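One-letter residues, chain by chain:
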Amino acid sequence: MTPVERFRELLAIPTVSHIDTARTDTARFEEFHAALLRLYPLVHTHLEREVVAGHSLLYRWRGASPTDPLVLLAHQDVVDTEGQVWTRDPFAAVVEGEGEQATLYARGAIDDKGALVAILEAVEQALAEGVVPSTDVWLAFGHDEETLGTGARAMARVLAERGVRPALVLDEGGAVVEGALPGVAAPTAMVGVAERGTATFDLIAREAGGHASTPPRFPATARLARAIDRLRRRPFPRRLAAPVRAMLASAAPHAAEPLRTVFRRAEVTAPALTAAFAALGPETNALVRTTAVVTRLEGSAGDNVLATTARATVNVRLLTGDTVSDAAIHLRRAVADPLIDIELRHGGDPSPVSPWQGPAWRRLATAVAETLGDDVVTLPYLQLGASDSRFYTDLTPHVYRFTPFHLTREERDALHAPDERIRVEVWLRGIRFYRELLAS
């Protein structure tokens, strides 16, 4: 079988995870594990493999030295396609087009089986050539990154208990993109040196209830709606966090004037920069402020019954330097209504910031230049979403988030959305990136 044929077979297994674990079909994960055993015989002959937390997979490839190991992360699970309108079967893994334009459509093509299978392909190829890595290599493939992250948390705990102190941890994250920053024409490899924290709050309005035919002047649903609108109209303040300053400073030599000077002098131009980023779109806005958005609403169980409890779920993503406690204070001030209860359901502060200089960073940048294009500029950035990497930051300060695929705006927009896809040639280059990283 070819690498693409193996990739397609694994994409066809619907390893969908759910917040409600009772809905997760664990048999699909066992099917996925069996397919890995069959498709990658050398990996399963030469690497030590253990199952952690039910369905996460932890592999150890012993190298010449156990010190300063490399840890590669990916996750087996994918998000559900329920309610989405795809133009192709999301689990048929169809390839359309020819040559460099050939495109593979499937749920998980990028997030995150693209990286998982590329890592396995790289290791299998290296084993076939008799490669012995200079240090240990660990592969940690979680099974519920899209929901709870229990697998990654458990594997990180295993590594900590065994005294593993990695020189480099690499997880999914930014990609090779074009037009990420205004004024920068070169393609950029966006390597996450930190990720935002995440918290879920509930806004709750309560009342006595009763029949909908005789509503009060200001029912719980109206009070809640006012609170939601107040929160929307009072966003978190804008500022340049350390990872964003690093991104701008690193990009400055590659930017055209006058933006080169603007980026280089960010300590002076920060007010204008943050205002511009906030106006440019959702992604750049999220780089310069903590964001909060209502994602779920709950009210009465009946059409003709007043809600005794009206609830809004608020998803908060915390900018580096903010905390869950800070977010709670902002929500209370924005809502400005003592009759709205604000309850924290769960949350975690932003990750530490990894250095964008030194051996680990140079190792990544070299692998990018050698395999993804010597014209590609490697930039540090703040990852907007959460990943399994957050559970590994106690093991090492060198935790990075980068997926070695050159993605268009449209391809990035298809993540978690209909018609997720990746160009075949782009995916094959990603394998070469992991091969280079293993050899370095």
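In the block above lies the structure referred to throughout.
The structure reproduced in this document is the subject of the present report. (Residues numbered from 1 in each chain as written. Predicted model: local features only at pLDDT ≥ 70, side-chain atom pairs only at ≥ 80, totals over all residues. Heavy atoms only, no water.)

### Thoughts on the environment of Arg-421
At step 1: With respect to the helices, strands and loops of the structure, Arg-421 is situated in strand β17 (residues 421-423).
At step 2: Sequence separation between Arg-421 and Asp-89 is 332 residues; the distance between their C-alpha atoms is 12 Å.
At step 3: Other than its neighbours up to four places away in sequence, Arg-421 contacts Thr-103, Leu-104, Tyr-105, Ala-109, Ile-110, Glu-410, Glu-411 and Ala-414.
At step 4: Here Asp-419 takes part through its backbone oxygen, which lies 2.8 Å from a polar atom of the side chain of Arg-421. (Helix = DSSP H or I, 4+ residues; strand = E, 2+ residues; numbered from the N terminus. Contact = heavy atoms within 4.5 Å. Polar contact = N/O pair within 3.5 Å; in protein donor to acceptor, adjacent residues only side chain to side chain.)

### Quick look at the sheet that holds strand β14 (residues 340-348)
At step 1: Ordered by their spatial adjacency, 4 strands build an open sheet running β11-β13-β9-β14, and the pairing between neighbours is antiparallel. Each of the sheet's edge strands pairs with one partner strand only, and the pair in question is β11 (291-298) and β14. If you compare each strand with its neighbour and ignore which way they point, the axes differ by 20° on average.
At step 2: Looking at chain direction, strand β9 (residues 197-206) and strand β13 (residues 309-318) are connected through 10 bridges and run antiparallel. Bridging across to β13, Ala-199 finds its partner in Val-316.
At step 3: On the sheet, helix α6 (residues 220-233) packs against β9, β11, β13 and β14 and is oriented at approximately 15° with respect to β13.
At step 4: Against the sheet, helix α11 (residues 324-335) makes contact with β9, β13 and β14, and its axis sits at roughly 160° relative to β14, the strand it touches most. (Pairing = 2+ DSSP bridges. Axes fitted to C-alpha atoms, helices over the stretch in contact; angles between N-to-C directions.)

### Focus: the layout of surface pockets
At step 1: Its boundaries defined by the atoms lining it, the second largest pocket holds a volume of some 160 Å³.
At step 2: Every residue lining the second largest pocket is listed: Ser-17, His-18, Thr-21, Thr-24, Thr-26, Phe-29, Ala-53, His-55, His-143, Asp-144, Thr-147 and Leu-148.
At step 3: Split into classes, the residues belonging to the lining of the second largest pocket amount to 3 nonpolar, 8 polar and 1 charged. (1 Å grid on protein atoms, 1.4 Å probe; cavity = no way out; pocket = protein on both sides within 12 Å on 5 of 7 lines; lining within 4 Å. Points joined across faces, edges and corners; volume = space filled by probe spheres on them. Nonpolar A, V, L, I, M, F, W, Y, C, P; charged D, E, K, R; others polar.)

### Focus: the side chain of Glu-124
At step 1: Considering the arrangement of structural elements, one finds Glu-124 in helix α4 (residues 113-128).
At step 2: Of the side chains with opposite charge, Arg-6 lies nearest to the buried Glu-124, which makes no salt bridge, at 7.1 Å.
At step 3: Every residue in contact with Glu-124, bar those within four places of it in the chain, is listed here: Tyr-40, Pro-41, Leu-42 and Val-43. (Buried < 20%, exposed > 50% of the residue type's maximum accessible area, 1.4 Å probe, protein only. Lys, Arg positive; Asp, Glu negative; His and termini not counted. Salt bridge = Lys/Arg side-chain N within 4 Å of Asp/Glu carboxyl O.)

### Here's the deal with empty space enclosed by the protein
At step 1: Scanning all chains against the criterion turns up 1 cavity of 30 Å³ or more.
At step 2: Computed from the structure, the largest cavity encloses a volume of approximately 50 Å³.
At step 3: If you trace the largest cavity, you find it lined by Val-176, Leu-372, Pro-404, Phe-405, His-406, Val-426 and Arg-429.
At step 4: Secondary-structure elements contributing two or more residues to the lining of the largest cavity are β16 (399-406) and α14 (424-439).
At step 5: If you tally residues by element for the lining of the largest cavity, the top one is β16, at 3 residues.
At step 6: Within the lining of the largest cavity, the residues separate by chemical class into 5 nonpolar, 1 polar and 1 charged.

### Some remarks on the sheet that holds β17
At step 1: Taking strand neighbours across the sheet as the criterion, the 3 strands line up as β4-β5-β17 in an open arrangement whose pairing is antiparallel. The open sheet has two free edges, formed respectively by β4 (94-96) and β17, since each of these has just one partner strand. Going across the sheet, the axis of each strand differs from the next one's by a mean of 25°, ignoring polarity.
At step 2: Note: β4 against strand β5 (residues 103-105), 3 bridges, orientation antiparallel. Paired with Val-95 across the bridge in β5 is Leu-104.
At step 3: Sheet strands in contact with helix α1 (residues 3-11) are β4, β5 and β17, and its direction is about 20° off that of β5.
At step 4: Running over the sheet, α14 touches β4, β5 and β17 and is turned about 75° from β17.

### Comments concerning helix α12 (residues 359-372)
At step 1: Its 14 residues place the ends of α12 19 Å apart at the C-alpha level, agreeing with the 20 Å of an ideal helix rising 1.5 Å per residue.
At step 2: Residues of α12 that are buried include every one of Ala-360, Trp-361, Arg-363, Leu-364, Ala-367, Val-368, Thr-371 and Leu-372, and no others. One side of α12 holds all its buried residues, which, seen down the axis, span an arc of 160°. Exposed side of α12, more than 90 degrees from the buried face: Pro-359, Arg-362 and Glu-370 are the residues found there.
At step 3: Backbone geometry just downstream of α12 places Gly-373 in the positive-phi region, at approximately 130°. (Expected span 1.5 Å × (residues − 1). Arc of directions from axis to C-beta.)

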